[in-house]
There are 2 protein chains.
Amino acid sequence: MNYFVIVDVTLRQGIADPEGATIERALPALGFSGVSNVKAGKSFRMSIDAASEEEALEKATALAERLLSNPVIEDAAARLGETVTP
Amino acid sequence: MNYFVIVDVTLRQGIADPEGATIERALPALGFSGVSNVKAGKSFRMSIDAASEEEALEKATALAERLLSNPVIEDAAARLGETVTP
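Rules behind the numbers
Residues numbered from 1 in each chain as written. Chains lettered and ligands numbered in written order. Predicted model: local features only at pLDDT ≥ 70, side-chain atom pairs only at ≥ 80, totals over all residues. Heavy atoms only, no water. Contact = heavy atoms within 4.5 Å. Buried area = accessible area lost by both parts, 1.4 Å probe. Salt bridge = Lys/Arg side-chain N within 4 Å of Asp/Glu carboxyl O. Polar contact = N/O pair within 3.5 Å; in protein donor to acceptor, adjacent residues only side chain to side chain. Helix = DSSP H or I, 4+ residues; strand = E, 2+ residues; numbered from the N terminus. Least-squares fit on C-alpha atoms with pLDDT ≥ 70 in both. Buried < 20%, exposed > 50% of the residue type's maximum accessible area, 1.4 Å probe, protein only. Pairing = 2+ DSSP bridges. pLDDT = per-residue confidence, 0-100.

**Describing the interface of chain B and chain A**
Part 1 of the argument: Every contact between the two is made by 33 residues of chain B and, on the other side, 33 residues of chain A.
Part 2 of the argument: Both sides together, the interface formed by chain B and chain A hides about 2,900 Å², and carbon and sulfur atoms give 59% of it.
Part 3 of the argument: When the buried area of chain B at its contact with chain A is split by residue, Phe32(B), Arg45(B) and Leu67(B) rank highest and sum to 19% of it.
Part 4 of the argument: Here chain B and chain A share 0 salt bridges between them.
Part 5 of the argument: The interface formed by chain B and chain A holds 12 residue pairs in polar contact (both at pLDDT 80 or more) in total.
Part 6 of the argument: Put simply, the parts of the chain that give the side of chain B that touches chain A at least two residues each are strand 1 (2–11), helix 1 (18–26), strand 2 (35–49) and helix 2 (53–68) of chain B.

Have a look at this one:
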């Protein structure tokens, strides 16, 4: 079966996030107040052919750790998404 | 109240995604088969101070369209996340 999987890659706690900090600094000038702790990250969407949901997530996690993230500074998490385009 | 909001920015359908295509091409050489339709995107996590969930999401959507995405080629969607760090 084909599963739609989303991998979220976020910076680990304590790692500097200049992109998020820059966005946060720009917000008041654009009229947005009350927004804090902005963190930038990446996401990857893909179709994975697997026998079960567990197998699809396992494959996505392995792939995320080897190819999509830098485990020294980033965390990767795989989750099943609703299929938008089968 | 403080809400934890996640904004997902993805390329619109039909827009070329060279990053996703490159990842997809690299997968067989790394031993991953059965993965297709890889799409790269961005995500932003933030805390928003608002009176209600609706207000927080509205603020995040406005902010995503003005600052976090390029509406010509990208779609932005805001959702509430589980609070990891309050």
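**Notes on the relation of the copies chain B and chain A**
Part 1 of the argument: With an RMSD of 0.0 Å, the operation that places chain B on chain A is a rotation of 180 degrees combined with a shift of 0.0 Å along the axis. On this basis, the relationship between the two copies can be described by a two-fold rotation axis. Residues of chain B ranked by C-alpha distance from the rotation axis are headed by Lys42(B), positioned 2.1 Å from it.
Part 2 of the argument: Mapped onto chain A, 100% of the interface residues of chain B again fall at the interface, so both copies present the same surface.

**A few points about the pattern of salt bridges**
Residue and element names in this part refer to chain A.
Part 1 of the argument: Taken as a whole and judged by the stated rule, the model has 6 salt bridges over all chains.
Part 2 of the argument: Close ionic contact of Asp-75 with Arg-12 constitutes a salt bridge, the shortest N to O distance being 3.4 Å. Of this pair, Asp-75 sits in strand 3 (residues 74–80) while Arg-12 sits in the loop between strand 1 (2–11) and helix 1 (18–26), placing them 63 residues apart in sequence.

**Describing the pairing of strand 1 of chain B**
Residue and element names in this part refer to chain B.
Part 1 of the argument: Most of strand 1 is tucked away, with 7 of its 10 residues classed as buried.
Part 2 of the argument: Taken together, the 9 bridges between strand 1 and strand 2 define a ladder with antiparallel strand orientation. Each residue of the ladder has a partner; that of Asp-8, found in strand 2, is Ser-43.
Part 3 of the argument: By the bridge criterion, 7 bridges tie strand 1 to strand 3 (residues 74–80) in an arrangement that is antiparallel. Within strand 3, the position partnered with Val-9 by the bridge is Ala-76.

**A few points about the environment of Val38(A)**
Part 1 of the argument: Tracing the backbone through its elements, the reader meets Val38(A) in strand 2 (residues 35–49).
Part 2 of the argument: For Val38(A), a relative accessible area of 3% corresponds to the buried category.
Part 3 of the argument: Separated by 36 residues in the primary sequence, Val38(A) and Asn2(A) have C-alpha atoms spaced 34 Å apart.
Part 4 of the argument: If near-sequence neighbours (up to four positions away) are discounted, Val38(A) is found in contact with Asp17(A), Gly20(A), Ala21(A), Ile23(A), Glu24(A), Leu27(A), Arg45(B) and Met46(B).

**Some thoughts on the confidence of the model for chain A**
Residues and elements named next belong to chain A.
Part 1 of the argument: When pLDDT is averaged along chain A, the result is 92; 95% of the residues meet or exceed 70.
Part 2 of the argument: Ranking the elements of chain A by mean pLDDT puts helix 2 (residues 53–68) last, at 94, and strand 2 first, at 96.
Part 3 of the argument: Across the interfaces of the predicted complex, the ipTM metric reaches 0.87, alongside a pTM of 0.88.

**Overview of the environment of Ser52(B)**
Part 1 of the argument: Examined against the element boundaries, Ser52(B) turns out to sit in the loop between strand 2 and helix 2.
Part 2 of the argument: Along the sequence, Ser52(B) and Gly41(B) sit 11 residues apart, while their C-alpha atoms lie 28 Å from each other.

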